[in-house]
Amino acid sequence: MSIASNLNSIKATLPENITLVAVSKTKPVSDLMEAYEAGQRIFGENKIQEMADKWEQMPKDIQWHMIGHVQTNKVKFMAPFVSLIHGVDSLKLLQEINKQAAKNNRVIDCLLQMHIAEEETKFGLDENELNALLSSTEFKEMQHIRILGLMGMATFTENQNQIRKEFIYLKYIFDSLRRGAHSRDAQQCISTSISTISMGMSGDYQLAIECGSTMVRIGSSIFGGR
C-alpha cells in the first residue's frame, strides 16, 4: 500500500468532525510530499529542529503541529510558524511560548497535556496542576497564547478496558473545562476557544473517537513503521 492509499483508507473511516494529524517524525520530505499530494495539510513532528527543517522545504499552506515533549530553550525555533503545540505541561513552558509568540507578533494555539496513563514516563498535568495553572495570575496575563483544549496519551498496553478508562477520564476533564468547573475566574480566557481533545494514535484512534476525541495523531498506519 502506498502512503496516499493508506491515508485515504484512514480518512474514509474518520467522522467529519475528526481532525487527522499525520505524524511524520523521522520521515523524509518525499514521504510527506506524497501525503501532501493526496490532500493532507496537517503534519505532526516531535523534534523542533526536524520540524523547522521540513517547514523550510515544504509548501507554506501546511499546518505544523508539535506533538512531542517541548524544551523551553527550543520554543524560539518554532514560534514563527507552528500551528498548534500539543504537549504543554507546565506554566513555565506556557510562559516561554507566550514570550516567543509576542516576539513574532503571533498568538500560538496550545493544548494542555494531561497525565492520564499509569506509566510514569508520560509527561502531563494532573487535575490539581491544571487548576493551579488556570487560576494563576501569570496565565491570565498571557496575551499571545490560546488554549484550544487538552491532549493525553494512554498507557501502552493491550488492555482495551484500561485505555478506554483513561480516554474517558480525559474526556471528563475536557467537559469540566468547557463547563468552567476548572477555575471559574480563568474561564473568560479560555471557554470560547475550548474545542479540541487530542487523543488516539495508530493503535487506538478508533477507541479514542468512541470516547470523544476530536483530533487523532496517526503515523505508522500512514507512513509505515519507523
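Our subject in this report is the structure included herewith. Computed from a predicted model, the values in this text were never measured in an experiment.

What counts, and at which threshold
- Residues numbered from 1 in each chain as written.
- Predicted model: local features only at pLDDT ≥ 70, side-chain atom pairs only at ≥ 80, totals over all residues.
- Heavy atoms only, no water.
- Helix = DSSP H or I, 4+ residues; strand = E, 2+ residues; numbered from the N terminus.
- Rg over C-alpha atoms; globule rule 2.2 N^0.38 Å.
- Buried < 20%, exposed > 50% of the residue type's maximum accessible area, 1.4 Å probe, protein only.
- Contact = heavy atoms within 4.5 Å.
- Areas by Shrake-Rupley, 256 points an atom, 1.4 Å probe, with all protein chains shown as cover.
- Lys, Arg positive; Asp, Glu negative; His and termini not counted.
- Charge placed at Lys NZ, Arg CZ, Asp CG, Glu CD.
- Polar contact = N/O pair within 3.5 Å; in protein donor to acceptor, adjacent residues only side chain to side chain.
- Salt bridge = Lys/Arg side-chain N within 4 Å of Asp/Glu carboxyl O.
- Axes fitted to C-alpha atoms, helices over the stretch in contact; angles between N-to-C directions.
- Parallel < 35°, antiparallel > 145°, perpendicular 65-115°, else oblique.
- Left-handed = near helix turned anticlockwise from the far one by under 90°.
- Expected span 1.5 Å × (residues − 1).

## Brief notes about the overall build of the chain
In step 1: In terms of regular secondary structure, the chain is built from 11 helices and eight strands.
In step 2: Relative to the globule expectation of 17 Å for 226 residues, the C-alpha radius of gyration of the chain, 17 Å, shows essentially globular dimensions.
In step 3: For the chain, the proportion of its 226 residues judged to be buried stands at 52%.
In step 4: Sequence-distant contacts in the chain: of pairs separated by 6 or more residues, those separated by 24 or more amount to 60%.
In step 5: Summing over all exposed atoms, the chain offers an accessible surface of approximately 10,400 Å²; the carbon and sulfur share of this is 47%.
In step 6: Taking the average place of the 24 positive charges on the side chains of the chain and the average place of its 26 negative ones, the gap between the two points comes to 3 Å.

## Some thoughts on the side chain of Asp-109
In step 1: When you line up the elements, Asp-109 lands in strand E5 (residues 108–114).
In step 2: Judged by relative accessible area, Asp-109 falls into the buried class, the value being 14%.
In step 3: For Asp-109, the side chain forms a polar contact with the side chain of Arg-146, separated by 2.8 Å.
In step 4: Beyond its immediate sequence surroundings of up to four residues, Asp-109 is in contact with Ser-83, Leu-84, Ile-85, Arg-146 and Leu-148.

## Details of the pattern of salt bridges
In step 1: One pass over the full model with this rule turns up six salt bridges.
In step 2: Put simply, Asp-61 and Arg-41 hold a salt bridge, and the shortest N to O gap is 3.0 Å. Of this pair, Asp-61 sits in the loop between helix H3 (48–57) and strand E3 (63–66) while Arg-41 is found in the loop between helix H2 (29–37) and strand E2 (42–45), placing the two residues 20 residues apart along the sequence.
In step 3: Overall, Arg-41 belongs to the partly exposed group, its relative accessible area being 29%.
In step 4: Residues joined by salt bridges that share partners form a network here, namely Glu-45, Glu-50 and Lys-54.

## A look at the environment of Ala-102
In step 1: You can see Ala-102 is positioned in helix H5 (residues 91–103).
In step 2: A sequence separation of 107 residues divides Ala-102 from Ile-209, and the C-alpha atoms of the two residues are 35 Å apart.

## Quick word on the packing of helix H1 (residues 3–13) against H2
In step 1: Two elements in contact, H1 and H2, have axes separated by 8 Å at closest approach and are oriented at 50°. Considered as vectors, H1 and H2 are oriented oblique to each other. Crossing of H1 against H2: the hand is right-handed. Touching Ile-3, Ala-4 and Leu-7 of H1 are Asp-31, Glu-34 and Ala-35, all from H2.

## Some points on H5
In step 1: With 13 residues, H5 ought to run about 18 Å at 1.5 Å a step, and its terminal C-alpha atoms sit 19 Å apart, in line with that.
In step 2: Listed as buried for H5 are Leu-93, Leu-94, Glu-96, Ile-97, Asn-98, Gln-100 and Ala-101.
In step 3: Packing partners of the buried residues in H5 comprise helix H4 (75–78), strand E4 (84–88), E5, helix H6 (127–135), helix H7 (137–140) and strand E6 (145–152).
In step 4: Two residues or fewer past H5, Asn-105 is found with a positive phi of approximately 55°.

## Side note on helix H8 (residues 160–179)
In step 1: The terminal C-alpha atoms of H8, which comprises 20 residues, lie 28 Å apart, in line with the 28 Å expected from a rise of 1.5 Å per residue.
In step 2: Of all the residues in H8, the buried ones are Gln-162, Ile-163, Glu-166, Phe-167, Leu-170, Ile-173, Phe-174, Ser-176 and Leu-177.
In step 3: The backbone nitrogen of Asn-161 has a side-chain oxygen 3.0 Å away, supplied by the residue at the start of H8, namely Asn-159.

## Some thoughts on unusual backbone geometry
In step 1: Despite not being glycine, Thr-26 shows a phi value in the positive range, around 70°.
In step 2: On the secondary structure map, Thr-26 appears in the loop between strand E1 (19–23) and H2.
In step 3: Note on Thr-26: relative accessible area 53%, which makes it exposed.
In step 4: Phi at Asn-105 is positive, roughly 55°, even though this residue is not glycine.
In step 5: Inspection of the secondary structure assignment puts Asn-105 in the loop between H5 and E5.

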